[in-house]
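Coordinates in review
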Amino acid sequence: TAWVSFYDQGAKTLRYAQRHPTLGAWSAGLADVGDGVAPDTGLFSSIAIGADGNPVIAHYDKGAATLRVARWNGGNFVGSVFDRGDALTPDTGSEAEAKDADVGQFVRLRIIDGVEYMAYYDAAHGDLKLAVGTDIHIVDSEGDVGHWPDFTVRDGQFYISYQDAGNQRLKYATGTPGSWTITTVDDAAYTGADTALYFDGDKPRVVYFEGKSNDTKHARSNDGGWATQTIATEGAVGFHNEVVSVDGTFYVACYDYTKRNVYFAKLD
């Protein structure tokens, strides 16, 4: 069975679709309606299959400014709040502005060996957060960081790519909760959105968007450093990148804003 999660812009709800494994027919339904005075949920939805074989959807509830998770119970999805976040109350004398709690944008869900992981942005504090099961950790809090994260877990170590929105650059974190090594991959202007992280053997690779020229870029780790190259330059391309592997060959798919279609290419 194939599952898809998506945002209904008209109804401002989270919806799902499932395709029958043999008939090929699609059916769709409501997955979550969210909370708040003016409900608006389902943005940045990320779906994965749990250890029980049932789909789980993480998504941002814009109406309540929270991170929600919807779980399939065999007949329908049941949604609940996972992280409400905390308001930002600046210290006395600080020039920082107070902010209401706002957490869950750019959420990326992975379920690996039955454990649920989520990387996402805390807008009130400008932090990159990581959930491991029900435990929530802060990965990076230097400036305004945590947009567009992608990650994987290998031998107990986390590898996370994400955008430093304050400095408009691509960053990379490795380690475990409480012990992180953080580096800058690409500090070119308006860089680092829409990251897609993958490994080619033991080497990390990141596909991402560069907003000054509206190009898709590719970064490769080389002996502790990073080498970058532009891989798509025709028009504005590189939105919502995803990388897939077919028989050991990697490909990138993304949205081509200029042509209004999907760009698909082999990664060298």
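A brief report on the enclosed structure follows. In this convention, every chain numbers its residues from 1, walking through the sequence in written order. At least 70 in pLDDT is required for a residue's local features to be given in this predicted model, at least 80 for side-chain atom pairs to be given and counted, and no such filter applies to totals for whole chains, interfaces and linings, which use all residues. The basis for every side-chain value is the complete set of non-hydrogen atoms in the structure, without hydrogens or water.

Strands sit in the order β16-β17-β18-β19 across an open sheet of four strands; the sheet is antiparallel. Each edge of the open sheet is held by one strand with a lone partner, namely β16 (191-200) and β19 (225-232). Looking at each pair of strands side by side, their axes are set apart by 25° on average, direction ignored. Strand pairing is defined by DSSP finding a minimum of two bridges between the two strands. Only DSSP runs of H or I reaching four residues or more are called helices, and only runs of E reaching two or more are called strands; each is numbered from the N terminus. Orientation is described by lines fitted to C-alpha atoms, with helices fitted over the stretch in contact, and by angles between N-to-C directions that extend from 0 to 180 degrees.

We now examine the pairing of strand β14 (residues 169-176). Counted residue by residue, β14 has six buried out of eight residues, so it is predominantly covered. Sheet topology places strand β13 (residues 157-164) next to β14; seven bridges connect them, and they run antiparallel. Paired with F158 across the strands is G175, a residue of β14. The turn linking β13 back onto β14 is made up of four residues, and Q168 within it adopts a positive phi angle of 55°. Connecting the antiparallel pair β14 and strand β15 (residues 179-186) is a turn made up of two residues, with G178 showing a positive phi of about 95°. Each residue is placed in one exposure class: buried if its accessible area under a 1.4 Å probe, protein chains only, is under 20% of its type's maximum, exposed if it is over 50%, and partly exposed if it falls in between.

Negative phi values dominate among residues other than glycine, just as trans dominates among peptide bonds. The backbone phi angle of D113 is positive, close to 55°, even though this residue is not glycine. Here D113 shows up in the loop between β8 (103-112) and β9 (115-122). A positive phi angle is found at N214, which is not glycine, with a value near 60°. Considering the arrangement of structural elements, one finds N214 in the loop between β17 (203-210) and β18 (215-222).

Our focus in this paragraph is the sheet that holds strand β3 (residues 26-32). Reading across from one edge, β1-β2-β3 is the order of the three strands in this open sheet, with antiparallel pairing throughout. On the outer flanks of this sheet lie β1 (2-8) and β3, each paired with one strand and no other. Strand-to-strand twist across the sheet, computed as the mean angle between neighbouring axes with direction ignored, equals 25°. Across seven bridges, β1 lies against strand β2 (residues 13-19) in antiparallel orientation.

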